[in-house]
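Summary of the model geometry
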Amino acid sequence: MVSYKTLGLVNTKEMFAKAVAGGYAIPAFNFNNMEQLQAIIQAASETKSPVILQVSKGARNYANQTLLRYMAEGAVEYAKELGWENPQIVLHLDHGDSFEICKSCVDMGFSSVMIDASHLSYEENVALTKKVVDYAHQYDVTVEAELGVLAGVEDEVQAEESHYTRPEEVIDFATRTGCDSLAISIGTSHGAYKFKPEQCTRDEKTGRLVPPPLAFDILHEIEAKLPGFPIVLHGSSSVPQEYVDSINANGGKLPDAVGIPEEQLREASKSAVCKINIDSDSRLAMTAAIRKVFVEKPGEFDPRKYCGPARDEMKKLYTHKIVNVLGSDGKAE
Ligand SMILES: [Zn+2]
């Protein structure tokens, strides 16, 4: 049993309370490799933004859960080296799908876990979430739960159809489970293809897809039922079109990739939404940068010469999200 506290990590409790009160949101960035982690920590350190490092099932399979935990521990020390005296870094399990996986993360030093039982029946979701909460809270580890189903594909999480969170369920769910935050479904979606063309309209001038707006009415109804309770948005990449264009111009093939407009996320950040998950955008930044090097310098074969530019591009993206979309800069001085 390793406590996250000895690793210099923090749980989400205090940072969420401040974010809800302050009208901003904490970035939750997924990481799978060193360059991505460096970029996240550089961006968070320079902007003094609290940050959540997320580990998905795909990341655990790709990079190994133990290694990722040690990397997060290293990230705390790296942040201090970069001059961030009091780093506010959470190590969070993204989409835990069983009690056992949540327990193993709590036991190895994660400071926060998500139990995603949203695909089960309501009563089964309550029971499994409560079981995880009862275990995690013994060690002061915070728990995110989910109500409602997001469409899209994220690593091994996928659903064909979404259904919005039902506001009439949230009080009962939060009370009976004791969860610390709640992921809701209001029209965000996993992956870089969040919407089918038939769900969107098309901008006459640019020919680009324009996605349907988020269901702010449902968000506001949930906020009214659970005042001040931390709300989480998954699947909130914006799929920047300059990356899509750059990827396509350099031999890639991402037709009609579309995300959530940043203005809508900025709007959501001002509400009880206090954690916004961003994964696909950093994949796009990395891929765009690497493809560019491969096309412009076909003789290059030193991975540092293409992973380095990819890291720089991801750092730019993370900084932009922190400062211009979530408003979390300067909140962890
Ligand atoms: Zn998710």
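What counts and how
Residues numbered from 1 in each chain as written. Predicted model: local features only at pLDDT ≥ 70, side-chain atom pairs only at ≥ 80, totals over all residues. Heavy atoms only, no water. Helix = DSSP H or I, 4+ residues; strand = E, 2+ residues; numbered from the N terminus. Rg over C-alpha atoms; globule rule 2.2 N^0.38 Å. Buried < 20%, exposed > 50% of the residue type's maximum accessible area, 1.4 Å probe, protein only. Contact = heavy atoms within 4.5 Å. Areas by Shrake-Rupley, 256 points an atom, 1.4 Å probe, with all protein chains shown as cover. Lys, Arg positive; Asp, Glu negative; His and termini not counted. Charge placed at Lys NZ, Arg CZ, Asp CG, Glu CD. Core = buried A, V, L, I, M, F, W, Y, C linked by side-chain atoms within 4.5 Å. Phe/Tyr/Trp six-rings, centres within 6.5 Å; stacked < 30°, edge-to-face > 60°. Pairing = 2+ DSSP bridges. Axes fitted to C-alpha atoms, helices over the stretch in contact; angles between N-to-C directions.

1. Quick look at the overall build of the chain
For the chain, the helix and strand inventory stands at 12 helices and 13 strands. Taken against the 2.2 N^0.38 rule, which gives 20 Å for 333 residues, the C-alpha radius of gyration of the chain at 19 Å falls within 12% of a compact globule. Projecting the C-alpha coordinates of the chain onto the three principal axes gives extents of approximately 60 × 50 × 35 Å. Burial analysis of the chain (333 residues in total) assigns 59% to the buried set. Within the chain, residue pairs in contact and separated by at least 24 positions form 76% of the contacts whose partners lie at least 6 positions apart. Accessible surface for the chain amounts to roughly 14,100 Å². Of this, 52% is attributable to carbon and sulfur atoms. On the chain, the mean spot of the 34 positive side-chain charges and the mean spot of the 48 negative ones are 4 Å from each other.

2. As for unusual backbone geometry
The backbone of His-95 shows a phi angle near 50 degrees, a positive value even though the residue is not glycine. When you line up the elements, His-95 lands in strand S3 (residues 89-96). At Val-239, a residue that is not glycine, the phi angle is positive and equals roughly 50 degrees. The topology assignment puts Val-239 in the loop between strand S12 (231-233) and helix H9 (241-249).

3. Considerations on the nonpolar core
Counting residues in each nonpolar core, the largest one holds 98 residues, and the members touching the most others are Phe-31, Leu-53, Ile-89, Leu-182 and Ile-231. Here the element with the most residues in this core is helix H12 (residues 303-326); it accounts for 9 residues. Not counting residues up to four positions away in its chain, the partners in contact with Leu-53 are Phe-29, Phe-31, Leu-37, Ile-40, Ile-41, Ala-72, Ala-75, Ile-89, Val-90, Leu-91 and His-92. Membership of the second largest hydrophobic core comes to 10 residues, among which are Ala-19, Tyr-24, Ile-26 and Val-90.

4. As for the packing of aromatic side chains
Summed over all chains, the structure comprises 5 aromatic pairs. Considering the side-chain rings of Phe-29 and Tyr-318, the 4.3 Å spacing of their centres and the 45 degrees angle between planes classify their relative orientation as tilted. Note that Phe-29 is positioned in strand S1 (residues 26-30) and Tyr-318 in helix H12, a separation of 289 residues in sequence. We classify Tyr-318 as buried; its relative accessible area is 0%.

5. Thoughts on the sheet that holds strand S13 (residues 273-278)
On the basis of which strands lie adjacent, the closed barrel formed by 8 strands has the order S1-S2-S3-S4-S5-S8-S12-S13 and parallel pairing. Averaged over all pairs of adjacent strands, the angle between their axes in this sheet comes to 25 degrees, without regard to strand direction. The sheet contact formed by S12 and S13 spans 3 bridges and is parallel. Paired with Val-232 across the bridge in S13 is Lys-275. The strands that helix H2 (residues 34-47) touches are S1, strand S2 (51-55) and S3; relative to S2, the one it contacts most, it runs at about 165 degrees.

6. A few points about the pairing of strand S8 (residues 181-184)
Side chains of S8 alternate between two faces, with Ser-181 and Ala-183 and Leu-182 and Ile-184 buried alike. Here strand S5 (residues 142-147) pairs with S8 via 4 bridges, running parallel. Bridging from a neighbouring strand, Glu-144 pairs with Ser-181 of S8. As paired elements, S8 and S12 share 2 bridges and run parallel to each other. Counted as the bridge partner of Leu-182 is Ile-231 from S12.

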